[in-house]
Amino acid sequence: MGAKFRKTQKRIDSIRSTTKITRAMELVAASRIVKAQQRLVRARPYAMRIQQAIRELAGVSEVAAEFPLLKPRDDIRSSGFVVITSDRGLAGSYNSGVIGVAADLIRDARRAGRETRLHVVGKKGLSFFRFRGYPIASHVAGISDTPRFEDAEALGERLVADFVSGGLDEVRIVYTDFQSSARQVATATQLLPIRRQDVEPSPGAIAPLYEFEPEPAAILSLLLPRYVNTVVFACLLESAASEHAARRRAMKAATENGEELVKVYTRIANRDRQAEITGEIMEVVAGAEALRERKEAS
Amino acid sequence: MPLTVQVVTPEREVEVAADASMVLAHGVEGDVGILPGHAPLLIALGTGPLEIVRPDRRDAMLVDGGFLQVKDDRVIVLAEYAVLPGEIDPAAAAREVEVLRREAEAAPGDDAARGRLARAEATLKLAGR
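Residues numbered from 1 in each chain as written. Chains lettered and ligands numbered in written order. Predicted model: local features only at pLDDT ≥ 70, side-chain atom pairs only at ≥ 80, totals over all residues.

Give me the packing of helix α4 (residues 149-164) of chain A against helix α6 (residues 216-297) of chain A: which residues, what numbers.
Residues and elements named next belong to chain A. Interhelical geometry of α4 versus α6 gives an angle of 125° and a closest axis separation of 8 Å. Classified by the interaxial angle, the pair formed by α4 and α6 is oblique. Our pair here, α4 against α6, has a crossing hand that is right-handed. In this structure, α4 contributes Phe-149, Asp-151, Ala-152, Glu-153, Leu-155, Gly-156, Glu-157 and Val-160 to the contact, and α6 contributes Pro-225, Val-228, Asn-229, Val-232, Phe-233 and Leu-236. Its residues assigned to classes, the contact of α4 with α6 shows nine nonpolar, two polar and three charged. (Axes fitted to C-alpha atoms, helices over the stretch in contact; angles between N-to-C directions. Helix = DSSP H or I, 4+ residues; strand = E, 2+ residues; numbered from the N terminus. Parallel < 35°, antiparallel > 145°, perpendicular 65-115°, else oblique. Left-handed = near helix turned anticlockwise from the far one by under 90°. Contact = placed C-beta atoms within 7 Å. Nonpolar A, V, L, I, M, F, W, Y, C, P; charged D, E, K, R; others polar.)

Here it is as structure tokens:
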């Protein structure tokens, strides 16, 4: 067989084995989406109840407006950004989407003369921002696949401490919102100060006359940082589900492309083989013809 | 009318009971007992057992931090951490207490280490019941 044919054949084999890998990754990602979604659903009741308790407390406690975590600052000099990316690639535009949104926000904050500080989750975001020389206040890897509440707690507590001490005047979190397994959107939301509309008592709702222990203000000061942790946790879970969905889609496309390539190359290989056979027949025929002509001439 | 009890942590819903006759909890300012018909209540919880008394049995679990809310005979416990006796491995819990006790002794001013030790000790106590 000819060299050209063998080369094409080798190529087909290599594409086939890559397709097997991408197919396996697609299936793994698909099963992880389901698990990530379940975790998302399981985390909701706690977050909802904390938020509700704050709403009810904010209604009775006149001092609510004075809590530092609820108080927007007039003069914002330094902005914190939490950017949630993945540790591994091969997830289509998942990371570039989040990084794009974050980079825009950071640019705007710098134009407004603010100092920016980054807290990065995931290796992909870290390598992007580090390479471009952004100041990184903290980074954590190995949690974006299946985030635990402790991870959110550690990050939340650090941000709350920085905010309360005045090191940060606002904090925004950039994550990927899991809207459905077909649609994930890179989103930025304000984490600190806590947005008033998220914790204000719902209009018209009459809060029951609770007995408090300790007094309302003390409970509220315990509840608010926990609320921040639940928001961070929700963003981590949303991002994890989105990452798996993005990876599944990317791997599905890769598998389909691979299969298409195998078809194309098989056609080329067949054509080359046919051309070689035709060539050989031509040589044989030409050789026979030449022999016959020589015989007739003699 | 019996109490409805719901224990929720950030990662799961641990226990839901619809027929409790009493709930005992460890608040930061002392233990509280809740009977049906209790006035609306919102308290902060410390590290300690949460007991749910039902007509046929009495369940206990360890709760560390969080809040307890009572409203219209519904008791909602928002715990950062909760563990059921069946989930505790007594040998592992005892080992953890050992390790954490040494850590806490090594760093006397470390509140976080003391908190972890208190949780581990309470876990071990619950397992021993």
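Moving on from the coordinates now.
Could you give me a rundown of the interface of chain A and chain B, with the residues and numbers involved?
Accessible area lost during the coming together of the parts is what is often quoted as the interface size. The partner chain B presents 20 residues to the 19 residues of chain A that form the contact. Secondary-structure elements contributing two or more residues to the side of chain A that touches chain B are α1 (3-60), β6 (211-213) and α6 of chain A. When residues of the side of chain A that touches chain B are assigned to their parent elements, the largest contribution, seven residues, is made by α1 of chain A. Across the side of chain A that touches chain B, the residue classes tally to 14 nonpolar, one polar and four charged. Judged from the three bridges that link them, β6 of chain A and strand β5 (residues 41-44) of chain B form a sheet pairing that is parallel. Within the sheet, the bridge partner assigned to Phe-212 of chain A lies in β5 of chain B and is Leu-42 of chain B. (Pairing = 2+ DSSP bridges.)

Go over the pairing of strand β1 (residues 78-84) of chain A with me, naming the residues and quoting the values.
All names here are of chain A. Counting buried positions over the seven residues of β1 gives six, a clear majority of the element. Both β1 and strand β2 (residues 115-121) contribute to a ladder of seven bridges, which runs parallel. The residue bridging Gly-80 from the neighbouring strand is Arg-117, located in β2. Tracing the backbone out of β1, into helix α2 (residues 94-111) and back to the parallel element β2 gives a crossover that is right-handed. Strand direction decides the pairing type here: β1 and strand β4 (residues 170-180), joined by five bridges, are parallel. Bridge assignment links Phe-81 to a residue of β4, and that residue is Arg-172. (Buried ≥ 20, exposed ≤ 12 C-beta atoms within 10 Å, placed from the backbone. Right-handed = clockwise from strand over helix to strand, strands pointing away.)

Could you give an account of the packing of helix α1 (residues 90-106) of chain B against helix α2 (residues 111-127) of chain B, naming the residues involved and the relevant values?
The relative placement of two packed helices is expressed as an angle between their axes plus a distance between the axes. Residues and elements named next belong to chain B. α2 packs onto α1 with a crossing angle of 155° between their chain directions and a minimal axis gap of 9 Å. In this view, α1 runs roughly antiparallel relative to α2, as classed from their interaxial angle. Relative to α2, the crossing made by α1 is left-handed. Together, Pro-90, Ala-93, Ala-94, Glu-96, Val-97, Leu-100, Arg-101, Glu-103 and Ala-104 of α1 and Ala-113, Arg-114, Arg-116, Leu-117, Ala-120, Glu-121, Thr-123, Leu-124 and Ala-127 of α2 make up the contact between the two elements.

Report on the nonpolar core, specifying residues and quantitative values.
Residue and element names in this part refer to chain A. Counting 93 residues, the largest nonpolar core has Ile-54, Val-83 and Val-174 as the members making the most contacts within it. No other element matches α6, which puts 19 residues into this core. Ignoring sequence-local partners within four residues, the contact set of Ile-54 consists of Val-199, Leu-220, Leu-223, Leu-224 and Tyr-227. (Core = buried A, V, L, I, M, F, W, Y, C linked by C-beta atoms within 7 Å.)

Let's hear about the domain arrangement of chain B: which residues, and what values?
All names here are of chain B. Domains assigned within chain B are domain 1 (3-85) and domain 2 (89-127). With nine residues of domain 1 at the contact, the number on the domain 2 side is six residues. Elements supplying a minimum of two residues to the side of domain 1 that touches domain 2: β6 (47-53), β7 (58-71) and β8 (74-83). Residue classes in the side of domain 1 that touches domain 2 are distributed as six nonpolar, two polar and one charged. (Domains from an automatic or database assignment.)

For α2 of chain B, give the residues involved together with the corresponding values.
Look at α2 of chain B: 24 Å from first C-alpha to last across 17 residues, which is about the 24 Å you get at 1.5 Å a residue. Looking at the buried residues of α2 of chain B, the elements they touch are β6, β7, β8 and α1 of chain B. (Expected span 1.5 Å × (residues − 1).)

Break down unusual backbone geometry for me, with residues and values.
With an omega of -10°, the peptide bond between Leu-192 of chain A and Pro-193 of chain A qualifies as cis. Turning to its location among the elements, Pro-193 of chain A is positioned in the loop between β5 (183-192) and α5 (196-199). Of the consecutive residues Glu-213 of chain A and Pro-214 of chain A, the connecting peptide bond is found in the cis state with omega at -5°. On the secondary structure map, Pro-214 of chain A appears in the loop between β6 and α6. The phi dihedral of Asp-72 of chain B is positive, around 50°, even though this residue is not glycine.

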